[in-house]
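# Overview (structure and organization)
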Amino acid sequence: MSRPGWDQYFMEITHLVAKRSTCLRRQVGAVLVKDKNILATGYNGAPSGVAHCLDVGCLREQLQIPSGERHELCRGLHAEQNAIIQAAKHGTNINGAILYCTTMPCIICSKMIINAGIKRVVYEGGYPDELAAGMIRVDSRPDKGGAAIRRRRECESCGKRFTTHERIEEILPLVLKKDGRREPFDRMKVIAGIQKACEKRPVSVETIEKLLDRLEARLQEGNDREVPSTAIGEWVMNELHEIDEVAYVRFASVYRSFKDINEFMVELQDLLKK
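Residues numbered from 1 in each chain as written. Predicted model: local features only at pLDDT ≥ 70, side-chain atom pairs only at ≥ 80, totals over all residues. Heavy atoms only, no water.

## Here's the deal with helix α8 (residues 205-222)
With 18 residues, α8 extends 26 Å between its outermost C-alpha atoms, agreeing within 8% with the 26 Å of an ideal straight helix rising 1.5 Å per residue. Burial in α8 covers these residues: I208, E209, L211, L212, L215, E216 and L219. For α8, the buried positions fall inside an angular range of 155° around the axis, keeping them on one side. Exposed side of α8, more than 90 degrees from the buried face: R218 and E221 are the residues found there. (Helix = DSSP H or I, 4+ residues; strand = E, 2+ residues; numbered from the N terminus. Expected span 1.5 Å × (residues − 1). Buried < 20%, exposed > 50% of the residue type's maximum accessible area, 1.4 Å probe, protein only. Arc of directions from axis to C-beta.)

## Section: the packing of α8 against helix α9 (residues 229-243)
A pair of packed helices is captured by two measures, namely the crossing angle of their axes and the spacing between those axes. Between α8 and α9, the shortest axis-to-axis distance is 11 Å and the interhelical angle comes to 140°. Looking at the two axes, α8 sits oblique to α9. Note that α8 runs across α9; the crossing there is right-handed. Judged by residue contacts, T207, L211, R214, L215 and R218 of α8 engage I232, W235, V236, E239, L240 and I243 from α9. Of the residues that constitute the contact of α8 with α9, the class distribution is seven nonpolar, one polar and three charged. (Axes fitted to C-alpha atoms, helices over the stretch in contact; angles between N-to-C directions. Parallel < 35°, antiparallel > 145°, perpendicular 65-115°, else oblique. Left-handed = near helix turned anticlockwise from the far one by under 90°. Contact = heavy atoms within 4.5 Å. Nonpolar A, V, L, I, M, F, W, Y, C, P; charged D, E, K, R; others polar.)

## Looking at the environment of H90
Looking at where H90 falls in the secondary structure, it is placed in the loop between α4 (79-89) and β3 (98-103). Relative accessible area serves as the criterion here: at 57%, H90 is assigned to the exposed category.

## Observations regarding the sheet that holds strand β10 (residues 226-228)
Taken in spatial order, the three strands make up an open sheet running β9-β8-β10, and their pairing is mixed. Both edges of this open sheet fall to β9 (182-184) and β10, since each of them pairs with a single strand only. Neighbour to neighbour, the strand axes of the sheet diverge by 35° on average, direction disregarded. Judged from the three bridges that link them, strand β8 (residues 174-176) and β10 form a sheet pairing that is parallel. Looking at the pairing, V175 lines up with V227 of β10. Strands in contact with α9 are β8 and β10; relative to β10, the strand with the most contacts, it is inclined by about 65°. (Pairing = 2+ DSSP bridges.)

## Thoughts on the packing of aromatic side chains
Under the criterion given, the structure shown has four aromatic pairs. Ring geometry for Y9 and F10: centres 5.0 Å apart, planes at 70°, overall edge-to-face. For F10, a relative accessible area of 2% puts it in the buried group. Ring geometry for F10 against Y100: centres 5.4 Å apart, planes inclined by 35°, an arrangement best described as tilted. Of the two residues, F10 is situated in helix α1 (residues 6-18) and Y100 in strand β3; the sequence distance between them amounts to 90 residues. In this structure, F10 and Y100 share a single accessibility class: buried. Members of the aromatic cluster, connected to one another through ring pairs, are W6, Y9, F10 and Y100. (Phe/Tyr/Trp six-rings, centres within 6.5 Å; stacked < 30°, edge-to-face > 60°.)

## What to know about the confidence of the model for the protein
Note: predicted coordinates in regions of low pLDDT should not be interpreted at a detailed level. Across the protein, the average pLDDT comes to 81, with 77% of residues at or above 70. Element-level mean pLDDT values for the protein span from 43 in strand β5 (residues 136-142) up to 96 in strand β2 (residues 37-43). Long-range and interchain partners of residues 137-142, a stretch whose pLDDT sits below 50, account for 19 contacts in this model, where long-range means more than four residues apart. (pLDDT = per-residue confidence, 0-100.)

## With respect to the nonpolar core
Of all hydrophobic cores here, the largest spans 25 residues; its most connected members are F185, I194, L212, L215, V236 and L240. Among the elements of the structure, α7 (187-197), α8, α9 and α10 (245-255) are those that each provide at least two residues to this core. Excluding its chain neighbours within four sequence positions, the residues that come into contact with V236 are V190, I194, L215 and F251. Counting residues in each nonpolar core, the second largest holds 22 residues, with A30, C101, C106 and I113 among its members. (Core = buried A, V, L, I, M, F, W, Y, C linked by side-chain atoms within 4.5 Å.)

## Comments concerning the state of the cysteines
Using the criterion set out here, one finds zero disulfides in the structure. C23 forms no disulfide, and the closest cysteine sulfur to it belongs to C58, at a distance of 6.0 Å. C106 provides the cysteine sulfur closest to C109, a residue in no disulfide bond, and the two sulfurs are 3.7 Å apart. (Disulfide = S-S within 2.5 Å.)

Here it is in structure tokens:
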């Protein structure tokens, strides 16, 4: 068993924090670290004392607002915002800290990060916010293994510099939903669904990440402009079948929307035959 490096260690904790999210669109976690000590954590969701989106529905979905746009039309706070707020609430100094986040910060979070004095940002998934990407200048270099880019960023307003470690994202096809809608492929959304299926199962974060890497490579090799969500779901189920049978059944029970217990039992019997 290999010992994880510090970035991997804190990023895996960030994924655990994300599981507390009550957002219906994507589960995001954030962890603030300084001198290898955790200062504060945060996940996306409604403010304290306010009904969760899980209970009352997603305003952005109701208004059909795409990701990365009209941030003010949302009942929730982002994970990065909640981490910074928690630090402020408890009087914790985060100047010079490192922020670990499962998703690239949006423009609002980016401005807060810069003014809070956070010196480095490490994130995995991308986020469609052109303003956030364009407000800072970037120096980049490949990270070890070539799977990510290490970027030195500089705020054009104040000149502060900090570092981000970013996964290289290729152009992926649009996902064709069952109701006819088309939306960009969202790695973190797929991961969230798989993590729910793998909850309390002996399936590591690394295994799930590798599964998604294979899926993205498959989508890129297909050269299709759009892929049905059903095709993605079937592929994920086949992969889970080889990884963990319990996770496979959990994922299938949600994805295939069994009408009654009989349909569910048929699926179980097929699994036992295999």
